[in-house]
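Notes for the structure review
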Amino acid sequence: MKKLLAFFTVFIIIFFNGCSKEEKFGLEQFVDRINKNYNMEYSTSDFLLGKNQREENCLFYEQGNSMIVLILNSENLITGTGLLITDDNDIQEYINQFCRISSIITNSDYTKQSEIFEQCGINVNNIKKTDSNWIITVGKYKYSVVCNNYSITLFCERV
């Protein structure tokens, strides 16, 4: 009876681990997911490795007047993302782009992520090239907006 109980316990542990959703993943999985979900054409080779002010590894992807930042932990798994914008002509499109990126990071769909942005005030009415910033935590993620006269930066990080 003890052997049978031990067998079922091990089976259940393995089964539940196999069914759990992957919360942390690397660059290759990020690129695969965003390309598949949003018909994008990102390539892992286009991301450049660097460090941020806290000496954390980051991946940078420059695209026109914007730059995507993927924040990595010590195991090089993605823990957050950022989008730096230097051109404020089409802020809505940049918000849409950030919504796509952060939906991959948070493992939610675009509609749900868009609703979170609206609740947090991440919208065209609030984001302008003026000195302002705010931070809002929703569930396991912290959303930050930093605006100044030169750029707008949107962040989504796992808390």
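What comes next is a walk through the structure. (Residues numbered from 1 in each chain as written. Predicted model: local features only at pLDDT ≥ 70, side-chain atom pairs only at ≥ 80, totals over all residues. Heavy atoms only, no water.)

As a further point, take the overall build of the protein. The secondary structure content of the protein amounts to 4 helices and 7 strands. Reading the secondary structure of the protein in the N-to-C direction produces α-α-β-β-β-β-α-α-β-β-β. Restricting to contacts in the protein with at least 6 residues of sequence separation, those with at least 24 account for 36%. Of the roughly 9,800 Å² of accessible surface on the protein, a fraction of 53% belongs to carbon and sulfur atoms. (Helix = DSSP H or I, 4+ residues; strand = E, 2+ residues; numbered from the N terminus. Contact = heavy atoms within 4.5 Å. Areas by Shrake-Rupley, 256 points an atom, 1.4 Å probe, with all protein chains shown as cover.)

Of all 7 residues in strand β7 (residues 152-158), 5 are buried; the element is thus mostly enclosed. The pairing of strand β4 (residues 78-85) with β7 spans 6 bridges and is classified as antiparallel. By the bridge assignment for β7, L84 is matched with T153. Between the end of strand β6 (residues 141-147) and the start of β7, which pair antiparallel, lie 4 residues. (Buried < 20%, exposed > 50% of the residue type's maximum accessible area, 1.4 Å probe, protein only. Pairing = 2+ DSSP bridges.)

Once that is clear, we can look at the nonpolar core. Residues F30, F47, L70, I122, I127, Y143 and L154 are the most contacted members of the largest nonpolar core, which totals 36 residues. Put simply, the parts of the chain that give this core at least two residues each are α2 (27-38), β2 (57-63), β3 (66-72), β4, α3 (91-106), α4 (110-120), β6 and β7. Considering every element that reaches this core, the biggest residue donor is α3, with 8 residues. In this structure, L70 is in contact with L27, F30, F47, N57, C58, L59, I78, G80, T81 and I105, ignoring residues within four places of it in sequence. (Core = buried A, V, L, I, M, F, W, Y, C linked by side-chain atoms within 4.5 Å.)

With that settled, the discussion passes to the packing of aromatic side chains. One pass over the structure, following the stated rule, counts 7 aromatic pairs. Consider the rings of Y42 and Y61, whose centres lie 4.9 Å apart with planes at 80°: the pair is edge-to-face. Residue Y42 is located in the loop between α2 and β1 (48-51), and its partner Y61 is located in strand β2; the two are separated by 19 residues in the primary sequence. Each member of the pair Y42 and Y61 is classed as buried. An aromatic cluster is built from F30, Y42, F47 and Y61, whose rings are joined through pairwise contacts. Positioned above the aromatic ring of F25 is the side chain of R33, whose terminal nitrogen or guanidinium carbon lies 4.2 Å from the ring centre. (Phe/Tyr/Trp six-rings, centres within 6.5 Å; stacked < 30°, edge-to-face > 60°. Lys NZ or Arg CZ within 6 Å of the ring centre and 35° of its normal.)

Right, let's get into unusual backbone geometry. Even without a glycine there, the phi angle at E55 is positive, about 65°. By secondary structure assignment, the location of E55 is in the loop between β1 and β2. Look at E55 and you get exposed, because its relative accessible area is 56%. Positive phi is not limited to glycine here, since N76 has a value of about 60°. With respect to the element layout, N76 can be found in the loop between β3 and β4.

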